Amino acid sequence: MSTAELTIDLDALTANWRALDGHVAPGVETAAVVKADAYGLGAAPVARALAGQGVRRFFVAVAEEGTALREALGPGPEIFVFSGHMAGDAVVIRDLALTPVLNSPEQLTRHLEALPRHPFAIQLDTGMNRLGMEPGEWQAVREVALAAGPALIMSHLACADEPDHPMNAAQLARFRELTDGLGIARSLAATGGILLGPEYHFDITRPGIGLYGGLPFAAARPVAHLSIPVIQIRELEAGETVGYSNTWTATRPSRIATLSAGYADGLIRALSGRAVLFHGATPCPLVGRVSMDLLTVDITDLPDTPASLDILGPHQTVDDLARAAGTIGYEILTALGARYRRRYREGA
Ligand SMILES: *Cc1c(COP(=O)(O)O)cnc(C)c1O
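Residues numbered from 1 in each chain as written. Predicted model: local features only at pLDDT ≥ 70, side-chain atom pairs only at ≥ 80, totals over all residues. Heavy atoms only, no water.

Student: What exactly am I supposed to notice about helix 10 (residues 318–325) here?
Tutor: Think of an α-helix as 3.6 residues a turn; residues three or four steps apart then line up on the same face. Counting buried positions along helix 10 gives six out of eight residues, so the element sits mostly inside the fold. Within helix 10, burial applies to Val318, Asp319, Leu321, Ala322, Ala324 and Ala325. Buried residues along helix 10 sit in contact with strand 18 (308–312) and helix 11 (329–335). Of the residues one or two after helix 10, Gly326 is the one with positive phi, at around 75 degrees. (Buried < 20%, exposed > 50% of the residue type's maximum accessible area, 1.4 Å probe, protein only. Helix = DSSP H or I, 4+ residues; strand = E, 2+ residues; numbered from the N terminus. Contact = heavy atoms within 4.5 Å.)

Student: Help me out: how do you make sense of the packing of helix 3 (residues 43–52) against helix 4 (residues 63–73) in this one?
Tutor: Pairs of packed helices are described in terms of their axes, by the angle between the two and the distance that separates them. Across the interface, helix 3 lies against helix 4 with an axial gap of 9 Å and an inter-helix angle of 50 degrees. In terms of orientation, helix 3 lies oblique with respect to helix 4. Crossing geometry of helix 3 relative to helix 4 is assigned as right-handed. Each of Ala43, Ala44, Ala47, Arg48 and Ala51 in helix 3 lies in contact with helix 4, whose residues at this interface are Leu69, Ala72 and Leu73. Partitioned by chemical class, the residues of the contact of helix 3 with helix 4 number seven nonpolar, no polar and one charged. (Axes fitted to C-alpha atoms, helices over the stretch in contact; angles between N-to-C directions. Parallel < 35°, antiparallel > 145°, perpendicular 65-115°, else oblique. Left-handed = near helix turned anticlockwise from the far one by under 90°. Nonpolar A, V, L, I, M, F, W, Y, C, P; charged D, E, K, R; others polar.)

Student: Explanation requested: the side chain of Thr126 in the structure shown.
Tutor: Note that Thr126 resides in the loop between strand 7 (121–123) and helix 7 (135–148). A relative accessible area of 0% means that Thr126 is categorised as buried. For Thr126, the side chain forms a polar contact with the side chain of Ser155, separated by 2.8 Å. When near neighbours in sequence (up to four residues on either side) are disregarded, Thr126 contacts Ser155, His156, Gln171, Arg174, Phe175 and Leu178. (Polar contact = N/O pair within 3.5 Å; in protein donor to acceptor, adjacent residues only side chain to side chain.)

Student: Help me understand the domain arrangement of the chain, please; the structure alone is not making it clear to me.
Tutor: Reports often express the size of an interface as the amount of accessible area lost when the parts come together. Domain annotation for the chain reports domain 1 (31–212) and domain 2 (224–345). Its C-alpha centre places domain 1 at a distance of 38 Å from the equivalent point of domain 2. Across the interface of domain 1 and domain 2, roughly 720 Å² is buried in total on both sides, 68% from carbon and sulfur atoms. Contact with domain 2 buries area across many residues of domain 1, yet Tyr39, Leu41 and Ile209 alone supply 60% of it, more than any other trio. Linking domain 1 with domain 2 are zero salt bridges, by the criterion used here. At the junction of domain 1 and domain 2, the tally comes to two residue pairs in polar contact (both at pLDDT 80 or more). For the side of domain 1 that touches domain 2, the residue count by class is six nonpolar, two polar and no charged. (Domains from an automatic or database assignment. Buried area = accessible area lost by both parts, 1.4 Å probe. Salt bridge = Lys/Arg side-chain N within 4 Å of Asp/Glu carboxyl O.)

Student: I keep staring at the sheet that holds strand 5 (residues 78–81) and nothing clicks. Help me out?
Tutor: Two orientations exist for strands paired in a sheet by backbone hydrogen bonds: parallel and antiparallel. Across the sheet, seven strands lie side by side as 3-4-5-6-7-8-9; this open sheet has parallel pairing. For this open sheet the edge positions go to strand 3 (32–33) and strand 9 (186–187), each flanked by a neighbour on one side alone. With respect to the sheet, helix 4 is in contact with strand 4 (57–60), strand 5 and strand 6 (98–102), its orientation differing from that of strand 4 by roughly 145 degrees. (Pairing = 2+ DSSP bridges.)

Student: What's the story with the nonpolar core in this structure? I'm lost.
Tutor: As a rule of thumb, nonpolar side chains are buried together in soluble globular proteins. One finds Leu50, Tyr212, Leu226, Ile228 and Leu267 to be the most contacted residues of the largest nonpolar core, which totals 78 residues. Among all residues touching Leu267, those that are not within four sequence positions of it are Leu226, Ile228, Ala261, Gly262, Val290, Leu295, Ile311, Leu321 and Tyr340. Grouped together as the second largest cluster of nonpolar side chains are 21 residues, Phe175, Leu182, Ile184 and Leu196 included. (Core = buried A, V, L, I, M, F, W, Y, C linked by side-chain atoms within 4.5 Å.)

Student: Would you mind going over unusual backbone geometry with me for this structure?
Tutor: Across the chain, the bulk of peptide bonds are trans and the bulk of non-glycine residues have phi less than zero. Residue Pro216 follows Leu215 across a cis peptide bond; omega there is 20 degrees. Take Pro216: it is sitting in the loop between strand 10 (204–205) and strand 11 (224–236). Unlike most non-glycine residues, Arg117 shows phi in positive territory, near 75 degrees. Here Arg117 shows up in the loop between helix 6 (105–114) and strand 7. Taking relative accessible area as the criterion, Arg117 reaches 80% and is therefore assigned exposed.

Student: What's the story with the pattern of salt bridges in this structure? I'm lost.
Tutor: Opposite charge on two side chains allows them to pair when their charged atoms are near. This model, assessed by the stated rule, comprises 14 salt bridges. Of the charged contacts, one joins Arg176 and Asp180 as a salt bridge, the two residues approaching to 3.3 Å between their closest N and O atoms. You can call Arg176 partly exposed: its relative accessible area is 34%. For Asp301, the salt bridge is made with Arg252, and the minimal N-O distance between the two is 2.9 Å. Taken together, the positions of Asp301 in the loop between strand 17 (295–298) and strand 18 and Arg252 in the loop between strand 13 (248–249) and strand 14 (254–259) put the pair 49 residues apart, joining distant regions of the chain. We classify Asp301 as exposed; its relative accessible area is 60%. Via salt bridges that share partners, Glu29, Arg56, Arg57 and Glu78 belong to a single interconnected network.

Student: Got a minute to help me understand the pairing of strand 6 in this structure?
Tutor: Side-chain direction in a regular strand flips from residue to residue, so the side chains alternate between the two faces of the sheet. Counting buried positions along strand 6 yields five of five residues, so the element is predominantly enclosed. Residues of strand 6 alternate between two faces, with Leu98, Pro100 and Leu102 on one and Thr99 and Val101 on the opposite face, all of them buried. This β-α-β element, strand 5 to helix 5 (residues 90–95) to strand 6, shows right-handed connectivity. Sheet analysis places strand 6 next to strand 7, joined by two bridges and oriented parallel. The partner of Val101 across the bridge, within strand 7, is Ala121. In this fold, the crossover linking strand 6 to strand 7 by way of helix 6 has right-handed handedness. (Right-handed = clockwise from strand over helix to strand, strands pointing away.)

Okay, here's the thing in structure tokens:
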């Protein structure tokens, strides 16, 4: 088989959820964010594994993801939709029992007119200026919204991955001003917010990346393991070049392995000449350009001939790879392609 194998370690995933849940007080509920197909790792198996740990609240980005998640989970767990109640979504929201997070007075009106008495949440903007009602908008609709009984009021932190950033305390203060004393469940913290400390936790936390093994949860166990088969090995003389545009030249007699994955699989071209792959614990440099379906790797220093090399695993996290490409672990994960053979490891 020449397609690479992406192994998703559901035991590591659930261990990460338990570890994050261990950061919050017993009365605080740890939910799970499974948007973008659970950060590329498969919303259905991921959410089922988390539901098995007792997770009862899930967050997705758009209603279509909520539909797929409801089909995977069945009735029971609460599924929040961050993008809220968009025009045309009423039937899906009702039939699949989704809880839209209403982001504007327009969404609130649309929801209360189309689906009075159907559960909803409210998002307030506390300074990120991305989603949520502005304080003035909230003032204007507060009474109507509260009379209808929101399931949750939430906001989102812009700088939670930088614990010392003054934005964190500023957003916390604004969130408290807008929501103190309402007697409604509140949520402010994603992964980064959980690590900022208990005053950020409120009633429900919403971790995403930490569940999947990414920063800022430095203690996370890696969840994604990606192993790429070697298609061919060739011997080069010093002075020969490798790949498109001749960007790498052998400075010594070299052994080059050609591997079956490329930028079409999410191994972005920015990794060219900057990443390593692993044979066991031994790093082997990626040389030349990443092409659509292929990588070329210098295995001159390996004593044996590998059948495959690992690009994600115990020796290289999504954040290590992201650093090599000048991006973040979130982007590496969500870019992982559709072509991999996916294997879910559980109960090991
Ligand atoms: C994506 C997202 C989360 C999860 O964030 P992580 O940094 O992945 O933990 C939580 N809340 C909102 C509003 C989000 O968009």
